[in-house]
Amino acid sequence: MKPKTFYLFISLFCCASWGWLLGFEHFRLHSSPVGVTLCPIKAVTGYPCPSCGTTRSVHTFFGGHISEALWVNPLGIVAGLLLAVVPLWLLHDALRRRASLHKFFIAFEQWFKRPYVYIPFFTFIVLNWIWNLYKNL
């Protein structure tokens with residue numbers, strides 16, 4: 001992916017993610033709990049996917065309740081950190097007219113292709129899914 005396309009995609013993704021998180025806060029404060037799920041896996045099967053609860057976890061993480069965020073979904077900690085760091089990195093690159101985030105992404109992509117990296121990652125995702133299933137019982 002060319003740097004210009006990469007930065008456009010990442011910028012739009014960050015805006016959409018923050019919009020989703022802020023919309024979640026508005027929905028949480030101004031509606032009654034109705035048990036609606038937006039997860040297609042949970043809607044069809046009744047069982048949560050590995051990422052179910054990530055929005056609640058990020059919201060809790062930003063509220064300063066890290067242990068509760070870990071309980072809801074550990075992926076929320078990672079997502080929260082990315083939501084905090086990536087927009088600042090985008091701003092840094094824009095102001096300095098650099099492409100350090102793009103260069104980091106390319107290097108990370110190459111590093112992630114190694115079995116000693118992706119096998120533990122996918123193991124973590126499976127364990128997270130088991131955790132979500134356990135909490136759902």
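The model shown is predicted, which means the values in this text are computed figures rather than measured ones. (Residues numbered from 1 in each chain as written. Predicted model: local features only at pLDDT ≥ 70, side-chain atom pairs only at ≥ 80, totals over all residues. Heavy atoms only, no water.)

### Structural notes on helix α3 (residues 54-62)
Reasoning step 1: Those residues of α3 lying buried are Thr54, Ser57, Val58, Thr60 and Phe61. One side of α3 carries all its buried residues, which in axial view fall inside an arc of 165°.
Reasoning step 2: Once α3 ends, the next one or two residues include Gly64, with phi positive near 90°. (Buried < 20%, exposed > 50% of the residue type's maximum accessible area, 1.4 Å probe, protein only. Helix = DSSP H or I, 4+ residues; strand = E, 2+ residues; numbered from the N terminus. Arc of directions from axis to C-beta.)

### A short note on the packing of α3 against helix α5 (residues 75-96)
A pair of packed helices can be characterised by two numbers: the angle between their axes and the separation between those axes.
Reasoning step 1: Two elements in contact, α3 and α5, have axes whose closest approach is 8 Å; the angle formed by their N-to-C orientations is 60°. Where α3 crosses over α5, the handedness of that crossing is right-handed. Residues Thr54, Ser57, Val58, Phe61 and Phe62 of α3 pack against Leu75, Gly76, Ile77, Ala79, Gly80, Leu81, Leu83 and Ala84 of α5. (Axes fitted to C-alpha atoms, helices over the stretch in contact; angles between N-to-C directions. Left-handed = near helix turned anticlockwise from the far one by under 90°. Contact = heavy atoms within 4.5 Å.)

### What about the environment of Phe121?
Reasoning step 1: Counting through the fold element by element, Phe121 comes out in helix α7 (residues 115-136).
Reasoning step 2: Since its relative accessible area comes to 36%, Phe121 is described here as partly exposed.
Reasoning step 3: For Phe121 and Arg56, which are 65 residues apart along the polypeptide, the C-alpha to C-alpha distance reads 22 Å.

### A short note on the packing of aromatic side chains
Reasoning step 1: Scanning the entire structure with this criterion turns up 14 aromatic pairs.
Reasoning step 2: Between Phe6 and Phe105 the ring centres are 5.1 Å apart and the planes differ by 35°, which places this aromatic pair in the tilted class. Remark: Phe105 occurs in helix α6 (residues 100-112) and Phe6 occurs in helix α1 (residues 3-29); sequence separation between them is 99 residues.
Reasoning step 3: Taking the relative accessible area as the measure of exposure, Phe6 reaches 3% and is therefore buried.
Reasoning step 4: Overall, the relative accessible area of 35% leaves Phe105 in the partly exposed class.
Reasoning step 5: Consider the rings of Phe104 and Phe108, whose centres lie 6.2 Å apart with planes at 25°: the pair is stacked. In this pair, Phe104 and Phe108 are both assigned in helix α6, 4 residues apart and thus about one turn of the helix distant.
Reasoning step 6: Overall, Phe104 belongs to the partly exposed group, its relative accessible area being 45%.
Reasoning step 7: For Phe108, a relative accessible area of 35% corresponds to the partly exposed category.
Reasoning step 8: Members of the aromatic cluster, each reached through a chain of ring pairs, are Trp89, Phe104, Phe108, Trp111, Phe112, Phe121 and Phe122. (Phe/Tyr/Trp six-rings, centres within 6.5 Å; stacked < 30°, edge-to-face > 60°.)

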